[in-house]
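Observations on chain architecture
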Amino acid sequence: MSERLAGWTMGEQAVIFQTCSACGHVQYFHRAFCAACGESNPREQRASGKGRVYATSLVCRAATPEARAHVPYNIVLVDCAEGFRMMAHGEDGLAIGDSVIAGFKPFAGKLVPFFAKEK
Amino acid sequence: MSFITGVGLTSFGKHDGSSSLDLMSQAAQAALDDAGLKRSEIDGILCGYSTVSPHIMLATVFAEHFGIRPSYAHAVQVGGATGLAMTMLAHHLVEAGVARHVLVVAGENRLTGQSRDASIQALAQVGHPDYEVPLGPTIPAYYGLVASRYMHEYGVTEQDLAEFAVLMRAHACTHPGAQFHDPITVADVMASKPVAMPLKLLDCCPVSDGGAAFVISRERTGEAGVRIRGCAQAHTHQHVTAAPALSKLGAEISIARAKEAAGIAISDVRYAAIYDSFTITLAMLLEDLGLAGRGEAAARVRSGHFGRDGAMPLNTHGGLLSYGHCGVGGAMAHLVEAHLQMTGRASTRQVRDASIALLHGDGGVLSSHVSMFLERVA
């Protein structure tokens, strides 16, 4: 199996996704196989970070002391240009359909993807 | 064929000093008494889970505690859909001849047994451990995301959602066992503290202590005959990030399968018992199930359609939003109330006709769905 590219879940400033070499299925959650057809070793790539806002929710009540320090924070689902959806943080006031670009911000002791409106 | 021969429900709210096993036992005893059965006649046990007292073998822990040696027992975990999933399994077990009387039970001291933070944190773990949970979402945030999208696609407003909270509270005010008895208005919901926008405190179900139980039997044990006419499930995803488009969610799939299994149309239904963890959950499910047109459920609330005297009485006990939510037992209260309605025992809440009921449960973030039709037989 090819070596795993490190993305933000592993501490790097990158969003990584996978594409199946057999059926072309695109997936965001890392697996050793394609969830659509079962083919092993999907190809890993770094995403452009561009996308469109699918949904938003401004969290005003957090459950842990670490998260509470950041309240309120905007949780967003973004449809990325490469064809997968991801959860991230986003600027306040982002609206569904906005074109956005990913950066990274510290949150509760980790670096997390943070989407801002594309200028 | 299978019958729901007995139901039991505790009040929801604070049960200081009661453990999960205490609340399960209380509900189970009530269900047995209702069915007119002794412990020795129960040969199957299905139970939910307790986030306060997790155990890898909760069904046998309960069986030993309660004093039953069943020939079939295990726990079931499908989040909020667990109660109906257990009922569906019990239905198939008695139909297949595996057991004669299956006790379905759940209970949890979720309010007094742990902090509210602990509850919120435990539940947020339905999110993806690597790709979602580190972002600090909560269950209300997962549903807040869905709500923002649903409102965007179908023109539903926050005021629309508030109507469901107001209705559930009005119903709870007529049930002595409900956690909340103070009437609320749309303005109260709008002014309540923001939790995960667009959801505010009164759009969210509370954390409760409580328990619920039923007995599912091959034959009826008394006069009242409430039969499980047909049921089905659908599971499309676990994590909200991986959820399909709004038009392809599991509720529509499971209700189509249940209608086919039961040979029943939505127009036959006289009473609705629908999962309502948040106002958005109830609004979406009513529309997904065909109990209201797309984007029209709130208008139906306003016109009295879902009230006790309306054409489709809904969650007349107050639902999760106002009767309360003690985990698995929370949505089981919907079935208990449906049973009371179908057997003419709902006192001041009694509806005119509950001859056919539709029940629907949702687990995760609209991830797991169970639809079920119950029918009163003379």
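Here we take up the overall build of chain A. Counting its regular elements, chain A contains 1 helix and 8 strands. C-alpha extents for chain A along the principal axes are approximately 45 × 30 × 20 Å. The buried share of chain A, taken over its 119 residues, is 36%.

In terms of regular secondary structure, chain B is built from 12 helices and 11 strands. On C-alpha atoms alone, chain B measures out to a radius of gyration of 19 Å, which is about the 21 Å that the 2.2 N^0.38 rule sets for 378 residues. Seen through its C-alpha atoms, chain B measures out along the principal axes to roughly 55 × 45 × 40 Å. The proportion of buried residues among the 378 residues of chain B is 62%.

Right, let's get into the domain arrangement of chain A. Residues and elements named next belong to chain A. What the domain assignment lists for chain A is domain 1 (1-46) and domain 2 (50-117). Inter-centroid distance (C-alpha atoms) of domain 1 to domain 2 is 21 Å. In this assembly, 8 residues from domain 1 lie in contact with 10 residues from domain 2. In the side of domain 1 that touches domain 2, the residues fall into 5 nonpolar, 3 polar and no charged.

Quick look at the interface of chain A and chain B now. Of the residues lining the interface, 28 residues belong to chain A; the matching set on chain B comes to 25 residues. With 6 residues, the single largest contributor to the side of chain A that touches chain B is strand E4 (residues 50-59) of chain A. Of the residues that constitute the side of chain A that touches chain B, the class distribution is 20 nonpolar, 5 polar and 3 charged. Sheet topology note: the E4 of chain A/strand E5 (residues 194-197) of chain B ladder contains 2 bridges and is antiparallel. Within the sheet, the bridge partner assigned to Val59 of chain A lies in E5 of chain B and is Ala196 of chain B.

Here we take up the pairing of strand E1 (residues 16-19) of chain A. Residues and elements named next belong to chain A. By the bridge criterion, 4 bridges tie E1 to strand E3 (residues 43-46) in an arrangement that is antiparallel. What sits directly across from Ile16, in E3, is Arg46. As defined by bridge partners, E1 adjoins strand E2 (residues 26-27) across 2 bridges and the pair is classed as antiparallel. Counterpart to Gln18 in the pairing with E2 is Gln27. In this antiparallel pair of consecutive strands, E1 and E2, the connection spans 6 residues, and Gly24 shows a positive phi of 80°.

Before going further, it helps to spend a moment on the environment of Val61 of chain B. As for its position among the elements, Val61 of chain B is in helix H2 (residues 58-66). Distance from Val61 of chain B to Pro134 of chain B, taken between C-alpha atoms, is 34 Å for residues 73 residues apart in sequence.

Turning next to helix H1 (residues 20-35) of chain B. Counting along an α-helix, one turn takes 3.6 residues, and residues three or four places apart therefore face a common direction. All names here are of chain B. Its 16 residues place the ends of H1 23 Å apart at the C-alpha level, agreeing with the 22 Å of an ideal helix rising 1.5 Å per residue. Counting buried residues in H1 gives 12 out of 16 residues, a clear majority hidden from the surface. Every buried residue of H1 is listed here: Ser20, Leu21, Leu23, Met24, Ser25, Gln26, Ala27, Ala28, Ala31, Leu32, Asp34 and Ala35. Elements in contact with the buried residues of H1: strand E1 (3-9), strand E2 (44-47), H2, strand E4 (101-109), strand E7 (209-217) and helix H12 (328-342). Positive phi shows up at Gly36, right after H1, with a value of about 70°.

Reading guide: rules and limits
Residues numbered from 1 in each chain as written. Chains lettered and ligands numbered in written order. Predicted model: local features only at pLDDT ≥ 70, side-chain atom pairs only at ≥ 80, totals over all residues. Helix = DSSP H or I, 4+ residues; strand = E, 2+ residues; numbered from the N terminus. Buried ≥ 20, exposed ≤ 12 C-beta atoms within 10 Å, placed from the backbone. Rg over C-alpha atoms; globule rule 2.2 N^0.38 Å. Domains from an automatic or database assignment. Contact = placed C-beta atoms within 7 Å. Nonpolar A, V, L, I, M, F, W, Y, C, P; charged D, E, K, R; others polar. Pairing = 2+ DSSP bridges. Expected span 1.5 Å × (residues − 1).

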